Amino acid sequence: MRPQLIRVGFGLVALAWFAGAPPAVAVKLGTLSASTANAMAQAASPQAIAEYRRKLREYQEARAAFDEEAGAYWASISEKRRGRNAKRREHLIITLDDYVLTQPPVYTGPKRPANPEPEEGKPPREPKAIPVVADLLMAAAEHFQFTPQRPATEAEFKRAYARYALASGLTREQAVRVYSFETGGTGNYDVQSGIEHGGKRAISSAIGYNQLLTTNSIELVAEQGHEFVRELTEKAATLSGPPRKALEHKIAVLKRMVAFTRTVPDDWSAHEKLADTPQGWAVHAMVLDIDVGPLLQTHKLLTSVIFARAKGYNRPLTAAELEMMNLTGDGTGLDMVTMPQAMREQVPTSNFFQRGGYERNPVAIRHNTVAKLLAVTDDRMDSNSNKPGAKELAAAF
């Protein structure tokens, strides 16, 4: 994203400069393509400006009408959601009437026209920094004097994950199929979103088999950290010599991380702020550790299983249902999971999104009912479960 933003910024500045260029500079325009020179010439045309303003008015009127319609639709989505939450608190049955059953309006009007007049370029907004593995390791060393213990092989991490996942109550099907969906069936323990399948640039901080974000790591350490400390302490008691000393140091670091993550209230927005700090990046580095990483990956899914049980949903979650909770959050995901199949066929996916999130999600738009969204998730899991990484993880169970 950064190079594209810089190129656009430079383009606007150049256009403004050439539009008012002296004759000596104008001669050099002959070296430009005819289309570029013509575009610059039209920039000063009164006819082009008038046509642009006419099209802009048409666009603005069409867009305003659409926004009014869309605003009413998404307000009804929010109202229905509040109603469902209230009914759940009263332990009342949720019916089709508790959902919006029409699809969101789609804008079909004219596109915003390009302005032929030179516009003063705005400085590009700096994109939010996305830490990569090297940043996480540097932060862990600087702020906690710690380097995660990386596995000798990918198979070693998969075995550690499988052992802990099974012992904690996850099934092989759940773990392998979610891994297949999240990583495409080929991801390593340190795979990062955007840097896989030939990608060169991270698009989020999501790392590992279940693609934990920095905020996920903060939240899990805050909520489950003492359990992680207990697990490692029991393991340390079985060791001696340098291995025990190394693990005891890791436990001490983990305790400090737990204390850090608990310096804020236990809510997502507060954890998100911590996650954007170097100390938060250091906590996220634990996803790479052979002892702590499998615990984090397991609890990313296990918390959804526990949430469903706490809400009285005792049937085993399918991998696709678990993925819905993993992707959309436990409360929203459980709303879909607890829905009978007949309702799933009729309820639009828009009921489970905010407007902005839905409009940026082509999968939810294309597969626009709960049944279709679960089906495409299952299909992708089926396909990716036959890939090498998924097969290796299945064998580890």
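Located above this text is the structure these notes cover.
Computed from a predicted model, the values in this text were never measured in an experiment.

Asks: Kindly report on the overall build of the protein, identifying the contributing residues and their values.
Replies: What the protein contains, in helices and strands, is 19 helices and zero strands. In the protein, which comprises 397 residues, the proportion classed as buried is 42%. In the protein, 69% of the contacts between residues at least 6 apart in sequence involve partners at least 24 apart.

Asks: Tell me what's going on with the packing of aromatic side chains, and back it up with residues and numbers.
Replies: Aromatic ring pairs are defined here through the distance separating the ring centres and the angle between the ring planes. Under the definition given, this model contains 10 aromatic pairs. By the ring-pair criterion, three or more aromatic residues cluster together here, those being Phe157, Tyr161, Tyr179, Tyr189 and Tyr209. A cation over a ring is seen here: arginine 63 above tyrosine 107, with NZ or CZ 4.7 Å from the ring centre.

Asks: Outline the nonpolar core, listing residues and values.
Replies: Counting residues in hydrophobic clusters, the biggest one holds 85 residues, and the most contacted among them are Leu296, Leu317 and Phe352. Look past the residues within four positions of leucine 317 in its chain and what remains in contact with it is Gln174, Ser304, Val305, Ala308, Leu322, Met325 and Val337.

Asks: Which residues make up the pattern of salt bridges, and what are the values?
Replies: Where side chains of opposite charge bring their charged atoms close, a pairing between them can arise. Scanning the entire structure with this criterion turns up 23 salt bridges. A salt bridge links aspartate 335 to arginine 84, with the nearest nitrogen and oxygen atoms 2.9 Å apart. Taken as a pair, aspartate 335 in helix α14 (residues 330–337) and arginine 84 in helix α4 (residues 46–89) lie far apart in primary sequence, 251 residues in all. Across the pair, arginine 84 and aspartate 335 agree in class, each one buried. Here glutamate 154 ties to lysine 158 by a salt bridge, and the two come within 3.0 Å at their closest N and O atoms. One end of the pair is glutamate 154 and the other is lysine 158, both in helix α6 (residues 154–168) and four residues apart, which spans about a single turn. Look at the salt bridges and you will find they share partners, linking Glu51, Arg54, Lys55 and Glu58 into a network.

Asks: So what about helix α8 (residues 214–236)? Which residues, and what values?
Replies: Here α8 contains 23 residues, and its C-alpha end-to-end distance of 27 Å is more than 12% below the 33 Å for a straight helix at 1.5 Å per residue. Remark: the principal bend of α8, roughly 70°, maps to glutamine 224.

Asks: Run through unusual backbone geometry, naming residues and quoting values.
Replies: We note that glutamine 145 has phi near 50°; this positive angle belongs to a residue other than glycine. The residue glutamine 211 is not glycine, and still its phi comes out positive at about 50°. By the secondary structure assignment, glutamine 211 is in the loop between α7 (172–183) and α8.

Asks: Talk me through the side chain of histidine 284; I want residue IDs and the actual numbers.
Replies: Inspection of the secondary structure assignment puts histidine 284 in helix α11 (residues 278–284). Among the polar contacts made by the side chain of histidine 284, one reaches the main-chain carbonyl oxygen of leucine 212 at a distance of 3.5 Å. Apart from the residues lying within four places of it in its own chain, the contact partners of histidine 284 are Leu136, Ser205, Ile207, Leu212, Leu213, Thr214 and Ser217.

How each quantity is defined
Residues numbered from 1 in each chain as written. Predicted model: local features only at pLDDT ≥ 70, side-chain atom pairs only at ≥ 80, totals over all residues. Heavy atoms only, no water. Helix = DSSP H or I, 4+ residues; strand = E, 2+ residues; numbered from the N terminus. Buried < 20%, exposed > 50% of the residue type's maximum accessible area, 1.4 Å probe, protein only. Contact = heavy atoms within 4.5 Å. Phe/Tyr/Trp six-rings, centres within 6.5 Å; stacked < 30°, edge-to-face > 60°. Lys NZ or Arg CZ within 6 Å of the ring centre and 35° of its normal. Core = buried A, V, L, I, M, F, W, Y, C linked by side-chain atoms within 4.5 Å. Salt bridge = Lys/Arg side-chain N within 4 Å of Asp/Glu carboxyl O. Expected span 1.5 Å × (residues − 1). Bend = angle between axes of the 7 residues up to and from the residue. Polar contact = N/O pair within 3.5 Å; in protein donor to acceptor, adjacent residues only side chain to side chain.

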